[in-house]
Amino acid sequence: MLDTTNTYETPEGIELELNIAGAVVRSGAWLIDALLRFILYLVVATVFGIFGKAGDGIVLILFFLIEWFYPVFFELRSGATPGKKQFNLIVCHDNGTPIGWQASVTRNLLRVADFFPVMFGAGLVSMLLNKNSKRLGDIVAGTVVVYRQEVNANYNIKKTNPLALPAPLLLEEQRAVLDFAERANTFSSERREELAQLLTPYMYMPTPPYSNVLFAYATDILYGHHLATDKNTLNPNGSPYTLSDNANKPASLPPTLPPNFTHTDNTNVNATHKQSSHHTHQVGNVQTDEATLSHKQGDV
Amino acid sequence: MIKQHAFEQACDSQWQAFDRLYDILTQSQSKQVASVKEQYQFPVLYRRICQHYAIAKQRHYSPSLIDQLHQRVLLGHGLLYQNKTAYLWRLLMFVWVSFPLQLRRHWRFFWIAMVLFYLPAVALGLACYFDNEMIYSVMSEGAVAQMEYMYDPSNEMIGRSAQRQSDSDLMMLGYYINNNISIDFQIYAMGILAGLGTVVMLVYNGVIIGAVSGHLTQLGFSETFWSFVCGHGSFELMAAVIAGMAGLRLAQPLYAPGQYKRMDAFKLAGRESIQLLLGAAFMTFIAAFIEAFWSSSSVIPNGVKYTVAAVLWTLVIAYLLFAGRGYALVEANLIDDELEQHPPEPTENDRN
């Protein structure tokens, strides 16, 4: 059970990916919350302690609220207590929707049982046995603690003259090329070159500097190799698995492939990618053919 | 196949529209208010985004584009399928309908909890009434001494004396809320441990309450003790039993999940039992006010207290028996939240 990604299929046939948070990171979040709560207790006790017995009554009521409803308050506001926020965690229903009051109250009241007999003994056992790392309160409330997805909103890939890929790449391989191009600015130019050079035994890299070759490939993946500017660049025979068509390859480049690449014909490519899709992401019953897309565009 | 860049250009306006509408719909204090027409637009846009996401994924577009679209799908899914809440109305319906109906629906658990609580209470009560040493087998000497001191009619200073100030009433209110509702919560939560926690806590509380009552009656402190507890006992004791019953309902799926997978049965049990528990907590909350401001008053004659207590008991029992009659219980099930979503009908203005 090394994969901590949980998927939930929506009515639209999309699979939402929820990255489950484990016991260690959640203990860290709990510690921060415990500290914050302790500070809250101190503040409440000192402020209302001035008002004698009536103040004591208010202190006791506030203690009660902090003890039981501190997490409920924050979960309903933003889905996470301050401690969880520090670790970029969020609590949601099993189906990925924001947590509601009923589930929040349930999971936080059951914290007592999770704490039993000492320091979350029952909760820890439950989390280790459950594949979604749920403590007892999560099971009963139907909630999961997941990582908040971070979106790298502005990917900033240097646009250069595109270079057609020598062979179709798997999604993971494309991801590596694009990740490199996206993060290139954070490396020194020497480091950039050093990293790009690592690819030379495996991939056709015409001339140094190799990082520029990778930028050219990345541009090709993103824009196509004549810097597509409009949607007229539809490849009429395009299989969804074909990443570039050899016909448009610039003449200056040799059409030869490095010996490591064997799957040059289309059938082989398809086979490879179909296989790969088993361990990448299955897409549900949403139609994905060109006709549908152009139809939708017409709708705008 | 369309290259990613062209795809982005073709779809970008829809993504922008989605983002804008999402912001409007989620910011409660936003200056812009979405019209009904715009609200209807949201699911349409959301489903488009779902489709774009599927396409982008299948065509192996760049990871960051896929991530962006996935993020939009997550947000849209959350907004579209979340539970709607109209707090005040739901609270009212809860107190008047859901809670009593849920309670009567699970009447078996109610009676099991009653027996678990009152059987030891009556047994120990009688034992302590006839044997003045019996109390020491369930309580420590210090606790007994303190308890005797509190209800000693010759003691003018403690608890129910005229000198007692109203600010100490407030302190006791805080104490009762904190202590008694916490006990309800614990009785309930411990039920998840195979129901044993709930059983132990119900029996333990029954034993202590029974023993104290029997012992004080045997000492001849009836006037101070019974006049004090009779009023708020109506809400408080009944609430403790209901919290116990909620704990038992929580434990049920371990033994009898019915036609559900055990995990799903627990979820269902959670939904039903939390309603019972919150009802119990609400009753304990009321009891805390009665206990702090009425029961403890020494100026109210005992006759009045007994009369009011009789009224309160009648009210509580009548409420549990009759409230919400004529309403159908909306069965808690695993998809009811989705079914509860009723979009508002568009008005003429919105259509134009």
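Residues numbered from 1 in each chain as written. Chains lettered and ligands numbered in written order. Predicted model: local features only at pLDDT ≥ 70, side-chain atom pairs only at ≥ 80, totals over all residues. Heavy atoms only, no water.

*Asks:* Outline the overall build of chain A, supporting the account with residue identities and numerical values.
*Replies:* Scanning chain A for helices and strands turns up 12 helices and 4 strands. Buried positions account for 45% of the 300 residues belonging to chain A. Of the contacts made within chain A by residues no fewer than 6 positions apart, 65% connect residues no fewer than 24 positions apart. Just so you have it, chain A exposes about 15600 Å², and 59% of that area is on carbon and sulfur atoms. (Helix = DSSP H or I, 4+ residues; strand = E, 2+ residues; numbered from the N terminus. Buried < 20%, exposed > 50% of the residue type's maximum accessible area, 1.4 Å probe, protein only. Contact = heavy atoms within 4.5 Å. Areas by Shrake-Rupley, 256 points an atom, 1.4 Å probe, with all protein chains shown as cover.)

*Asks:* Just give me the short version of the overall build of chain B, but keep the residues and values in it.
*Replies:* The number of helices and strands found in chain B is 13 helices and 0 strands. Each helix and strand of chain B, placed in order from N terminus to C terminus, yields the pattern α-α-α-α-α-α-α-α-α-α-α-α-α. Buried positions account for 51% of the 352 residues belonging to chain B. Within chain B, counting contacts between residues at least 6 apart in sequence, those at least 24 apart form 79% of the total. Just so you have it, chain B exposes about 16800 Å², and 64% of that area is on carbon and sulfur atoms.

*Asks:* For the nonpolar core, give the residues involved together with the corresponding values.
*Replies:* Ranked by internal contacts, the top residues of the largest apolar core, which has 74 residues, are Ile192 and Ile242 of chain B. The residues contacting Ile192 of chain B, other than those within four sequence positions of it, are Leu110, Ala113, Leu136 and Val140 of chain A together with Leu250 and Phe266 of chain B. Counting 34 residues, the second largest nonpolar core, distinct from the first, contains Val146 of chain A together with Cys11, Tyr22 and Tyr81 of chain B. (Core = buried A, V, L, I, M, F, W, Y, C linked by side-chain atoms within 4.5 Å.)

*Asks:* Lay out a nonpolar patch on the surface in plain terms, naming residues and giving numbers.
*Replies:* Residues and elements named next belong to chain A. There is a patch of nonpolar side chains on the surface, built from Leu35, Leu36, Phe38, Ile39, Leu42, Val43 and Val47 and spanning about 630 Å² of accessible area. Note on placement: Leu42 falls in helix α1 (residues 23-49). The exposure class assigned to Leu42 is partly exposed, which follows from its relative accessible area of 49%. (Patch = residues over 30% accessible without salt bridge, like charges linked within 9 Å, V, L, I, M, F, W, Y side chains within 5 Å. Salt bridge = Lys/Arg side-chain N within 4 Å of Asp/Glu carboxyl O.)

*Asks:* So what's going on with unusual backbone geometry? Which residues, and what values?
*Replies:* Residue and element names in this part refer to chain A. Of note, the bond from Phe116 into Pro117 is cis; its omega dihedral lies within 30 degrees of zero at -5°. Along the chain, the position of Pro117 falls in the loop between α5 (111-115) and α6 (121-129). Of the consecutive residues Pro208 and Pro209, the connecting peptide bond is found in the cis state with omega at 0°. By secondary structure assignment, the location of Pro209 is in the loop between α9 (189-197) and α10 (210-223). Even without glycine at this site, Ser133 takes up a positive phi of about 55°. Relative to the helices and strands, Ser133 resides in the loop between α6 and α7 (136-141).

*Asks:* Explain the pairing of strand β4 (residues 143-147) of chain A to me, using residue names and the numbers behind them.
*Replies:* All names here are of chain A. The buried fraction of β4 is high, at 4 of 5 residues. Pairing geometry for strand β3 (residues 89-93) and β4, over 5 bridges, is antiparallel. Bridging from a neighbouring strand, Cys92 pairs with Val144 of β4. (Pairing = 2+ DSSP bridges.)

*Asks:* Give me the lowdown on the pairing of strand β2 (residues 15-19) of chain A, citing residues and values where you can.
*Replies:* All names here are of chain A. What you see with β2 is a clean split: Leu16 and Leu18 sit on the buried side and Glu15, Glu17 and Asn19 on the side with no burial. Pairing of strand β1 (residues 5-9) with β2 involves 5 bridges; the strand directions are antiparallel. Note that in β2 the partner of Thr5 across the bridge is Asn19. Where β1 hands over to β2, the hairpin turn is made up of 5 residues, of which Gly13 adopts a positive phi near 80°.

*Asks:* Describe the packing of aromatic side chains, and please don't skip the residues or the numbers.
*Replies:* In the structure shown here, the tally under the stated rule is 25 aromatic pairs over all chains. Centre to centre, the rings of Phe48 of chain A and Phe51 of chain A are 6.5 Å apart; their planes meet at 55°, and the pair counts as tilted. With relative accessibility at 25%, the residue Phe48 of chain A sits in the partly exposed group. What makes Phe51 of chain A exposed here is its relative accessible area of 54%. Ring geometry for Phe69 of chain A and Phe185 of chain B: centres 6.1 Å apart, planes at 80°, overall edge-to-face. On the criterion of chain membership, the pair formed by Phe69 of chain A in helix α2 (residues 52-78) and Phe185 of chain B in helix α7 (residues 166-189) is interchain, its members lying in two chains. Note on Phe185 of chain B: relative accessible area 2%, which makes it buried. (Phe/Tyr/Trp six-rings, centres within 6.5 Å; stacked < 30°, edge-to-face > 60°.)

*Asks:* Tell me what's going on with the packing of helix α6 (residues 141-150) of chain B against helix α8 (residues 196-219) of chain B, and back it up with residues and numbers.
*Replies:* All names here are of chain B. Running from N to C, α6 and α8 point in directions that differ by 55°, and their axes come no closer than 11 Å. Classified by the angle between their axes, α6 and α8 sit oblique to one another. Our pair here, α6 against α8, has a crossing hand that is right-handed. For the pair formed by α6 and α8, the contact residues are Val144, Met147 and Glu148 on the first element and Val212, His215, Leu216 and Leu219 on the second. (Axes fitted to C-alpha atoms, helices over the stretch in contact; angles between N-to-C directions. Parallel < 35°, antiparallel > 145°, perpendicular 65-115°, else oblique. Left-handed = near helix turned anticlockwise from the far one by under 90°.)

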